Amino acid sequence: MAAPETQLMLSVGLIEKDVNADTLWVWCYPSVSAELREVLLSKCCLRQDSRGLHTFVFGQFRRTWYYISTVEVQEPTALKKVQLVTHFSIVVTTKDFNPEKYAAFSRVLCRIYIKHGSPVKMMEGYIAVLTKGVCQSDENGSFLIKDYDVRKAYLAGSVKDVVSQFGMETIILYTALMLKKRIVVHHPQVEALLEFTRALPALTWHRKDWSILHPYVHLTDSELENLRTCTGYVAGFVDPEVSNRSDLFDVYVNLPDSEITISQSAKEAMSMGKLHKDIGLVIVQSAENADRTDGQIIKDISIKTREILANLASLAEECENSKITLETLKQRHFPPATENFLFHLAAAEQLLKI
Amino acid sequence: MDEVDKILIHSLRQTGTDVGKDVQSVKHFTSELIVEAVVRCLRVIDPALGSGLCPSLPPGMSARFRVGMSLAQACQDLGYKGEIGYQTFLYSNEPEIRSLLMFLVEKLPRESAEASDQPAGKSALLQKSIAAQIKAQLALPWLSPSCRLPLLCKTQNPGPSHSFHSQTLSLPHCLKVPGKRQLKGKPQNTQDPQENDYHRDFLPPVTAQPSQHASVPASLLEQHAGELSAAQEWENEWNSQGLLSRLTPEEYRSRKRARLQKRIEEQLRTAAQTRPDTLGAHGSGSDLTELLQSFGGSPLIGDILAKGTRFTHTEKFTFTEEPEKAAKQMAAAANSLPSSHQSEEDLQARQQEELASLQQQLQQLSLSLEEVGGDMRQLTVSIHQVSDELKQKELSNTEEEDSVRVKKQTIYLLPDGENNLAKLQALVEGSAERVVNLAAQWEKHRAPLIDEHRRLKELCSNQAMESSRKLSEIKELHEKISQSAEEAKKKEGLYKQLITEFENLPKDISRSAYTARILEIVGNIRKQKEEITKILSDTKELQKEINSLTGKLDRTFAVTDELVFKDAKKDESVRKSYKYLAALHENCTQLIQTIEDTGTIMREIRDLEEQIETENGKKTVSNLEKILEDYKAIRQENSALAAKIREA
């Protein structure tokens, strides 16, 4: 029997666009809720004629990860002639975050669909992966689940690029992530948005929590409602209107202009001092070093983080119930910014006395 | 010729020449008459030219001579191409006079050209008559009140003018002809019988409704202008937006009303919402909310005003503290106002005390503020932490439940591990196959449905295109209809106006008789032209025949000549016949020659006869006698003048 990891796949769906420029959700297995279907139809780039084709897009909605591959039907296959289909997208929804794995898988499924013109064959491939973890594909070899480890997915994002774009300001992102604040990133292109945002949770490697990542969000009610239920998140928007929605973010990143702004309400919590400067220096130096890979940079950052957490833990042990209070922090006479930061960090790490 | 003369005489009469009633044709014109006619025409054509000339012939011969010369000069200046001199006026002959008078009459300026340029239409006529009246009134000189005649009083008093006061009038809406209503037996207006009764029995007529009689025209004008503009606006809106919305007029109106009401509500609501934030305006804000509640939908409005994000609530908190503080401060200040009869030092001491107490209060308040702020921070941070913990715990709960379930089932199967594993695998494969089978069956159903859906969608979009196309066609037709209606109205107005003008025109000359005559003449001329062309062609034909025959004759003669001559040398009879042939030929040629000569002489006779006639018409003999007499008169005058000079 296959490892429990295969239970991570939830469903597979097919969206088609025909010659009348009409986009339809035509098929799915086993089932997709109506709300999720709406969301997926809006994410799939077939609905918007003006933008180009995005071959692969992924995102999260209500703790379900979705991966959409879009293909334009070009060769004169059975699809185009009989069904008048011009483009189609294959959607795979899962519980885990692994873009490379599901990109490859959905590509295989796309190829099967183009070749046979019927979703039945596609479903056979899907079930094969579901039950056996292996699927035959037309390109070289077969698709094996175990080739795609989740750690590789976590490390695939490039922290070096982030640091090279923002330099010392990366410390703001680091602080926001540590304190579980709400970060909103804007870029008009989806691909750049996905690339950038997936690297951010790596800055808090000790948590290995990519569920805070919502890389592709639209300003619709259901999605914003979903965001509000999360305490801290990293959300990516292509819509420039989001800069006016100060109720949605504590930190706003304008990616094309390389600007980071902290919103008024969060300025007090995000005040930074000498401690932050130190960490920032470490990050920048490590990234500038051409010999160090992304993995090593993340390692350096996590070493520093662990130091701080160890410090905090030692503080906690001295108090009752191993929970920190503001008075204990005040007794240490830290500089005010550091004290503030440690206070909020304790809350984020659940070390604070309630 | 009669017609031409009549027209000429009529035109000359119009210029002011006194042509006697018995003078029917130009033949009977005397020299005096001719001179008068020419001078008056010149005066009309060109006042500068004609002003120096006198219409009557002076008695002296030399003077007459001079007048004739100047008239001839003037006519040549105008552009008369024919031969003209003093003799044309003093010793006239019919054809010359006729051509001169025709030239002058043609040169007369036409009055009818102005009238056709004027715009048509009833309103234009009305405006023209108004303008004419005003012009006439302005042309009259202003006289002081005591000198005015009663007619002038009316127009030169300020009395008739009133300022423009208008009052609203109420009119019943049913504008159908009352007679029709009675015929049908039941009232057309079934909305409200009481209203009908009121309209019928109690409502005073429109002229009696305004309080001052003078404001009746103003009120009527305003009412009418209002109705007209409303109707036009409705037309425009209906044609542009109403048709597009594909609703009936009533539905469109009701929707528009609802939309406008909503907008008004929203505006009032936003205005009411901004109020509660400002200090001291609580009273008016609550009044407004009460008003809004009375509009309807009261729970909604209250909710919306009360709803706010975290931030507005916190704002409210911080702001509500302030008015209390301000009130307290103001009360304290009011209490500490010094009364006038206390000494200066007491005053200062008091002020110092108050200052100290206020400062203490301030410190206390700021301390408490800080505390509260710190508490708030603590609380928010712990809320974060707790909610985070909660979420994580929930997630891990669900995960654990899932894994517990799976493990439970595995435990059941654990004892007979190998077998069960194999069985499970077989089961899995079986179900996988079944699912694939089901999917194939489903596909068979799904594919045609999807195709159907696509096909219907296409049909739908085609129909939508069709309907929008038809809508645009309808709009075009509407426009065309309105345009043609306008044109028809204009043309009818023009027609009526022209008919009235035509009836008002003087009937002394029957244009129709003239036009009929002209057309007749034109027809005759055409016929004559046809006949002439026919004759010409006949002549050409004849000439061609003659030419060909002469040619033939010559050739035949030449041939016969040769032939006979050849034989003539030998034979005697042939020589005789040759001589006869030559004689025959010569005689025939002579005959032909004579005939031709006769023809030319006849033509000359005709020409000469024509010339005789024209000369006869010139009445040369009488003119010569007159000339001789005048010559004698001039000689006498000359000798008289010479004698006078010698004497002086």
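Reading the values: the criteria
- Residues numbered from 1 in each chain as written.
- Chains lettered and ligands numbered in written order.
- Predicted model: local features only at pLDDT ≥ 70, side-chain atom pairs only at ≥ 80, totals over all residues.
- Heavy atoms only, no water.
- UniProt positions renumbered as here; feature names shortened; annotations may be inferred.
- Salt bridge = Lys/Arg side-chain N within 4 Å of Asp/Glu carboxyl O.
- Buried < 20%, exposed > 50% of the residue type's maximum accessible area, 1.4 Å probe, protein only.
- Helix = DSSP H or I, 4+ residues; strand = E, 2+ residues; numbered from the N terminus.
- Patch = residues over 30% accessible without salt bridge, like charges linked within 9 Å, V, L, I, M, F, W, Y side chains within 5 Å.
- Areas by Shrake-Rupley, 256 points an atom, 1.4 Å probe, with all protein chains shown as cover.
- Lys, Arg positive; Asp, Glu negative; His and termini not counted.
- Charge placed at Lys NZ, Arg CZ, Asp CG, Glu CD.
- Pairing = 2+ DSSP bridges.
- Axes fitted to C-alpha atoms, helices over the stretch in contact; angles between N-to-C directions.
- Left-handed = near helix turned anticlockwise from the far one by under 90°.
- Contact = heavy atoms within 4.5 Å.
- Nonpolar A, V, L, I, M, F, W, Y, C, P; charged D, E, K, R; others polar.
- Buried area = accessible area lost by both parts, 1.4 Å probe.
- Expected span 1.5 Å × (residues − 1).
- Phe/Tyr/Trp six-rings, centres within 6.5 Å; stacked < 30°, edge-to-face > 60°.

The name recorded for chain B in an unreviewed UniProt entry is Coiled-coil domain-containing protein 22, from Oncorhynchus mykiss. Check the Sequence similarities (unreviewed entry) section of the UniProt entry for chain B; it says "Belongs to the CCDC22 family."

Identification of chain A as DENN domain containing 10 from Oncorhynchus mykiss is taken from an unreviewed UniProt entry. According to its UniProt record, chain A has this under Subcellular location (unreviewed entry): "Late endosome". For chain A, the Sequence similarities (unreviewed entry) comment in UniProt is given as "Belongs to the DENND10 family."

**Overview of the pattern of salt bridges**
Taken as a whole and judged by the stated rule, the model has 32 salt bridges over all chains. Between K101(A) and D96(A) there is a salt bridge whose closest N-O contact spans 3.7 Å. With respect to burial, K101(A) and D96(A) carry one shared label: buried. For E237(B), the salt bridge identified is with K256(B), shortest N-O distance 3.0 Å. Residue E237(B) is found in helix α12 (residues 216-245), and its partner K256(B) is found in helix α13 (residues 249-274); the two are separated by 19 residues along the sequence. For E237(B), a relative accessible area of 18% translates into the label buried. Overall, the relative accessible area of 27% leaves K256(B) in the partly exposed class.

**As for a positive patch on the surface**
Residue and element names in this part refer to chain A. Taken together, R151, K208, K299 and R306 make up a surface patch of like positive charges. Within the secondary structure, R151 is located in helix α5 (residues 150-155). Since its relative accessible area comes to 44%, R151 is described here as partly exposed.

**Considerations on unusual backbone geometry**
Residue and element names in this part refer to chain A. Between Y29 and the following residue, P30, the backbone shows a cis peptide bond with an omega angle of -15°. Mapped onto the elements, P30 comes out in the loop between β2 (23-29) and α1 (34-43). With a phi close to 50°, S258 is a non-glycine residue in the positive phi region. As for its placement among the helices and strands, S258 is situated in the loop between β11 (251-254) and β12 (259-262).

**Digging into the sheet that holds β11(A)**
Residues and elements named next belong to chain A. Spatially, the five strands line up as an open sheet ordered β9-β10-β8-β11-β12, and their pairing is mixed. Bordering the open sheet on either side are β9 (213-217) and β12, each of which pairs with just one other strand. Across this sheet, the average inter-strand angle for adjacent strands is 15°, counted without regard to direction. Judged from the three bridges that link them, β9 and strand β10 (residues 233-237) form a sheet pairing that is parallel. Within β10, the position partnered with H214 by the bridge is A235.

**Let's talk about a nonpolar patch on the surface**
The grouping of L126(B), I130(B), I134(B) and L138(B) at the surface amounts to a nonpolar patch, some 410 Å² of accessible area in total. Structurally, I134(B) is set in helix α8 (residues 122-139).

**Examining the packing of helix α7 (residues 170-178) of chain A against helix α11 (residues 274-288) of chain A**
Residue and element names in this part refer to chain A. The contact between α7 and α11 brings their axes to 9 Å, and the two run at 115°. Both α7 and α11 take part in a crossing whose hand is right-handed. Facing α7, whose interface residues are I171, Y174 and T175, α11 presents H276, I279, G280 and I283. Broken down by class, the residue content of the contact of α7 with α11 amounts to four nonpolar, three polar and no charged.

**Points about the interface of chain A and chain B**
With 38 residues of chain A at the interface, the matching set in chain B holds 30 residues. Summing both partners gives a buried area of about 3200 Å² for chain A against chain B, and 57% of it is carried by carbon and sulfur. Where chain A meets chain B, there are five salt bridges. Its salt-bridge partner being R377(B), residue E268(A) comes within 3.1 Å of it at the nearest N-O pair. Among the elements of the structure, β1 (9-18), β2, α4 (119-132) and α14 (336-348) of chain A are those that each provide at least two residues to the side of chain A that touches chain B. Looking at the side of chain A that touches chain B residue by residue, the classes come out as 19 nonpolar, 10 polar and nine charged.

**Describing α4(A)**
Residue pairs three or four apart in sequence face the same way in an α-helix, which turns once every 3.6 residues. Helix length check: α4(A) (14 residues) gives 20 Å between terminal C-alpha atoms against 20 Å at 1.5 Å per residue, within 8%. Those residues of α4(A) lying buried are P119(A), V120(A), M122(A), M123(A), G125(A), Y126(A), I127(A), A128(A) and V129(A).

**Some details on the packing of aromatic side chains**
Counting across every chain of the model gives 22 aromatic pairs over all chains. Taking 5.9 Å as the distance between ring centres and 65° as the angle between the ring planes, the aromatic pair formed by F58(A) and F97(A) counts as edge-to-face. On the criterion of sequence distance, the pair formed by F58(A) in strand β3 (residues 56-61) and F97(A) in the loop between β5 (85-94) and α3 (99-116) is long-range, its members being 39 residues apart. Pairing W238(B) with Y252(B) gives two aromatic rings, centres 5.8 Å apart and planes at 70°, and the pair type is edge-to-face. Highlighted residues: W238(B) in helix α12 and Y252(B) in helix α13, separated in sequence by 14 residues. Judged by its relative accessible area of 16%, W238(B) is buried. The exposure class of Y252(B) is buried, given its relative accessible area of 7%.

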